[in-house]
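Inside the fold
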Amino acid sequence: MKIAIDAMGGDFAPENIVKGVNLAKKELHDVTFQLYGDSTKIRAFLEDEANVEIVETTEVIDFHDDPVSAIKEKKDSSLVRAVQAVKSGEAGAVLSAGSTGALLTAGLLFVKRIKQVSRPALMSTLPTVDGRGFDMLDLGANTENTAQHLVDFAILGSYYAENVRGIAQPRVALLSNGAEESKGSPMIKEAHELLSTRTDINFIGNIESRDILAGAADVVVADGFTGNAVLKAIEGTASILMKQIKAAIMGGSFTTKIGGALIKKPLSGFRDLMSTDSAGGAPFVGLKAPVVKIHGNATPETVASALRQVHKMLETDVTGKLVKHFEENHD
């Protein structure tokens with residue numbers, strides 16, 4: 001099993017990427033980690049080269065680069081070379097903390113989308129209060145969608161939740177402004193009608209954004225614009241909430257500070273609950289092989305979690321199952 005890794009993508013590359021590989025190597029003994037980038041910089045952080053292949057590249061795609069132009073002009077970039085390794089069969093999956101747009105463009109150009117999946121979706125596993133979590137897509141790969149796109153997303157998310165997260169008959173819900181089937185935009189209403197007729201997924205109807213963190217569904221489907229907005233709202237609220245709690249404790253009286261010390265452990269647990277780090281990366285589901293994006297500021301622990309996630313995707317052959325499903329059953 002080989003995973004191609006863009007070692008130069010991200011805010012803290014290659015240090016955090018390589019350190020994440022160091023962590024993952026300790027438990028994923030059946031994986032060969034292909035690191036694409038500046039070999040000298042990579043080796044500076046690599047503990048040893050067991051189960052590691054370093055592929056020298058000379059260019060890096062920047063977050064400010066135009067995705068399409070960058071893919072065409074920077075052919076020896078770590079991101080392009082890593083994705084091309086999947087195309088050629090040298091690797092089974094690719095992981096990058098680089099430009100989201102460039103990674104999606106390269107994925108579409110080289111890995112290709114599954115036949116009859118009109119749009120790949122960006123998906124992430126987000127936290128819930130019961131610790132179970134839920135998968136949400138699309139989180140911004142598309143800004144405009146049709147009802148049929150949402151149906152495809154529901155199938156993609158359901159397969160992922162069942163195969164990678166081990167959830168039997170995952171509950172799939174459609175994000176709307178009300179739980180009633182009469183609520184939502186014309187696109188949402190049409191998608192609801194289409195999903196209600198399907199027997200291959202466990203569709204439970206509409207869900208409101210206020211209920212998604214409560215664990216009311218295992219898969220939440222949205223158009224890319226709405227999904228991205230909801231994701232950013234969740235991340236921003238969690239960050240501000242933790243900062244406000246900390247500021248209230250540190251700026252309070254001596255008694256308040258003592259109380260803060262006593263609840264430090266529970267607050268740490270709450271912070272971990274609201275973090276998406278343990279879930280790993282965000283795969284572009286709908287492509288013919290796993291193409292997974294992690295935050296540009298990903299920590300080594302996040303990188304290691306994402307590599308475990310990719311390993312699970314390859315181990316369960318979730319992409320192969322999706323290819324078969326769409327070829328045999330898609331209308």
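An account of the accompanying structure is given in this report.

What to know about the side chain of Asp-138
Inspection of the secondary structure assignment puts Asp-138 in the loop between strand S6 (134–137) and helix H6 (147–163). The buried charged residue Asp-138 lacks any salt bridge partner; its closest oppositely charged side chain belongs to Arg-119, at an N-O distance of 7.3 Å. Engagement of the side chain of Asp-138 in a polar contact is seen with the backbone nitrogen of Leu-122, the distance being 2.8 Å. Of note is the side chain of Asp-138, whose polar atom sits 2.8 Å from the backbone nitrogen of Asn-142.

Quick word on the packing of helix H1 (residues 15–25) against helix H11 (residues 300–316)
As a packed pair, H1 and H11 sit with axes 7 Å apart at the nearest point and diverge in direction by 55°. In terms of axis orientation, H1 runs oblique to H11. Relative to H11, H1 is oriented so that their crossing is right-handed. In contact with Asn-16, Ile-17, Lys-19, Gly-20, Val-21, Leu-23 and Ala-24 of H1, H11 contributes Pro-300, Glu-301, Val-303, Ala-304 and Leu-307. Of the residues belonging to the contact of H1 with H11, the class tally is 8 nonpolar, 2 polar and 2 charged.

Topic: the sheet that holds strand S3 (residues 52–56)
Reading across the sheet, the 11 strands line up as S3-S2-S1-S4-S11-S10-S5-S6-S9-S7-S8 and stay open at both edges, with mixed pairing between neighbours. Each edge of the open sheet is held by one strand with a lone partner, namely S3 and strand S8 (202–207). Taken over all neighbouring pairs, the strand axes of this sheet differ in orientation by 25° on average, direction set aside. Examined bridge by bridge, strand S2 (residues 32–37) and S3 share 5 bridges and lie parallel to one another. Along S3, the bridge assignment pairs Phe-33 with Val-52. Contacts between H6 and the sheet are confined to strand S5 (121–126), S6, strand S7 (171–175), strand S9 (219–221) and strand S10 (282–285), with S9 contributing the most and set at about 165° to the helix.

Side note on the pairing of strand S4 (residues 93–96)
Alternating residues of S4 divide into Ala-93 and Leu-95 and Val-94 and Ser-96, and every residue in both groups is buried. Sheet topology note: the strand S1 (residues 2–6)/S4 ladder contains 4 bridges and is parallel. Opposite Ile-3, over in S4, you have Ala-93 as the bridge partner. Bridge count between S4 and strand S11 (residues 291–293): 3 bridges; the pairing is parallel.

A word on the side chain of Asn-145
Relative to the helices and strands, Asn-145 is located in the loop between S6 and H6. By relative accessible area, Asn-145 is classed as buried at 12%. A distance of 3.4 Å separates polar atoms of two side chains, one belonging to Asn-145 and the other to His-149.

Cut-offs and rules
- Here, residues in each chain are numbered from 1, in the same order as that chain's written sequence.
- With the structure being a predicted model, the display of local features is reserved for residues of pLDDT at least 70 and the display and counting of side-chain atom pairs for 80 or more, all residues being used for whole-chain, interface and lining totals.
- Heavy atoms throughout the structure, all of them, feed into the side-chain values; hydrogens and water do not.
- Here a helix means four or more residues in a row that DSSP labels H or I, a strand means two or more in a row labelled E, and each is numbered from the N terminus.
- Note on classification: 1.4 Å probe, protein chains only; a residue is buried when its accessible area is under 20% of the maximum for its type, exposed when over 50%, partly exposed between these limits.
- As used throughout, the charge tally considers Lys and Arg to be positive and Asp and Glu to be negative, leaving His and the chain termini uncounted.
- A pairing counts as a salt bridge when a side-chain nitrogen of Lys or Arg comes within 4 Å of a carboxyl oxygen of Asp or Glu.
- Polar contacts here mean pairs of N or O atoms no more than 3.5 Å apart (in protein, one a potential hydrogen donor and the other a potential acceptor; neighbouring residues in sequence count only if both atoms are side-chain atoms).
- In this description, a line fitted to the C-alpha atoms serves as the axis of each element, helices being fitted only across the stretch in contact, and the angle between N-to-C directions of two axes falls anywhere from 0 to 180 degrees.
- Any angle from 65 to 115 degrees is called roughly perpendicular, while one under 35 is roughly parallel, one over 145 is roughly antiparallel, and all others are oblique.
- With the far helix as reference, a near helix turned anticlockwise by less than a right angle produces a left-handed crossing, and one turned clockwise produces a right-handed crossing.
- Contacts are assigned to residue pairs with any non-hydrogen atoms lying within 4.5 Å of each other.
- Here the term charged refers only to Asp, Glu, Lys and Arg, the term nonpolar to Ala, Val, Leu, Ile, Met, Phe, Trp, Tyr, Cys and Pro, and the term polar to all other amino acids, Gly among them.
- Strand pairing requires that DSSP identify at least two bridges connecting the strands.

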